[in-house]
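# Observations on the model geometry
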Amino acid sequence: EVLHARFVEHRFARHSHDYFVVSYIETGVQAFCYRHARHITPAGQMFLVNAGEAHTGEPGSEQGYVYRTMYPRAGLLEQIAAVK
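Our subject in this report is the structure included herewith. (Residues numbered from 1 in each chain as written. Predicted model: local features only at pLDDT ≥ 70, side-chain atom pairs only at ≥ 80, totals over all residues. Heavy atoms only, no water.)

Turning to the overall build of the protein, a few remarks are in order. Each helix and strand counted, the protein has 1 helix and 7 strands in total. Expressed as lengths along the three principal axes of its C-alpha atoms, the size of the protein is roughly 45 × 25 × 20 Å. Among the 84 residues that make up the protein, the fraction classed as buried is 32%. Intrachain contacts of the protein at a sequence separation of at least 6 include 70% that bridge at least 24 residues. Carbon and sulfur atoms provide 55% of the accessible area of the protein, an area that totals close to 5,600 Å². Of the charged side chains in the protein, 8 are positive and 8 negative; the average position of the first set lies 4 Å away from that of the second. (Helix = DSSP H or I, 4+ residues; strand = E, 2+ residues; numbered from the N terminus. Buried < 20%, exposed > 50% of the residue type's maximum accessible area, 1.4 Å probe, protein only. Contact = heavy atoms within 4.5 Å. Areas by Shrake-Rupley, 256 points an atom, 1.4 Å probe, with all protein chains shown as cover. Lys, Arg positive; Asp, Glu negative; His and termini not counted. Charge placed at Lys NZ, Arg CZ, Asp CG, Glu CD.)

Structure (structure tokens):
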């Protein structure tokens, strides 16, 4: 799955996925709580979340953020890693 979205006010409550989260922030600033710490991701940066690990997600500024996210399953990442 993939997602391309803009969030200005929306906040994701603490949750987890059965797959990894690989995100790129296009514009703005994104913030999230993960592994008992608050993280800030500005435009041009990426963030990663391991499958099964709880996290939140929210705008890190009043302008919100635009991001592209992929949700690969472990099997796909294993296949990619095995390519010679």
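Back to the write-up after that little detour.
Right, let's get into the pattern of salt bridges. A full pass over the atoms with the stated rule returns 3 salt bridges. Across the pair R68 and E26 runs a salt bridge whose closest N-O atoms are separated by 2.3 Å. Here R68, found in strand β7 (residues 65–70), pairs with E26, found in strand β3 (residues 21–34); they are 42 residues apart in sequence, far enough to count as distant. Residue E26 is classed as partly exposed on the basis of its relative accessible area, which comes to 25%. Across the pair E58 and R38 runs a salt bridge whose closest N-O atoms are separated by 2.7 Å. Here E58, found in strand β6 (residues 55–59), pairs with R38, found in strand β4 (residues 37–42); they are 20 residues apart in sequence, far enough to count as distant. Classification of E58 by relative accessible area gives buried; the value is 6%. (Salt bridge = Lys/Arg side-chain N within 4 Å of Asp/Glu carboxyl O.)

To continue, consider a nonpolar patch on the surface. A cluster of nonpolar side chains, contributed by Y24, M46 and L48, occupies part of the molecular surface with about 320 Å² of accessible area. As for its placement among the helices and strands, Y24 is situated in strand β3. (Patch = residues over 30% accessible without salt bridge, like charges linked within 9 Å, V, L, I, M, F, W, Y side chains within 5 Å.)

Below, the discussion takes up the pairing of β3. A regular strand places its side chains so that they alternate between the two faces of the sheet. Of the strand pairs in this sheet, β3 and strand β5 (residues 46–49) are connected by 4 bridges, and their pairing is antiparallel. Looking across to β5, one finds that S23 is bridged to F47. With 6 bridges connecting them, β3 and β7 associate as antiparallel partners. Each residue of the ladder has a partner; that of Y24, found in β7, is R68. When β3 meets β4, the two strands line up antiparallel, connected through 6 bridges. Bridge assignment links V29 to a residue of β4, and that residue is P42. (Pairing = 2+ DSSP bridges.)

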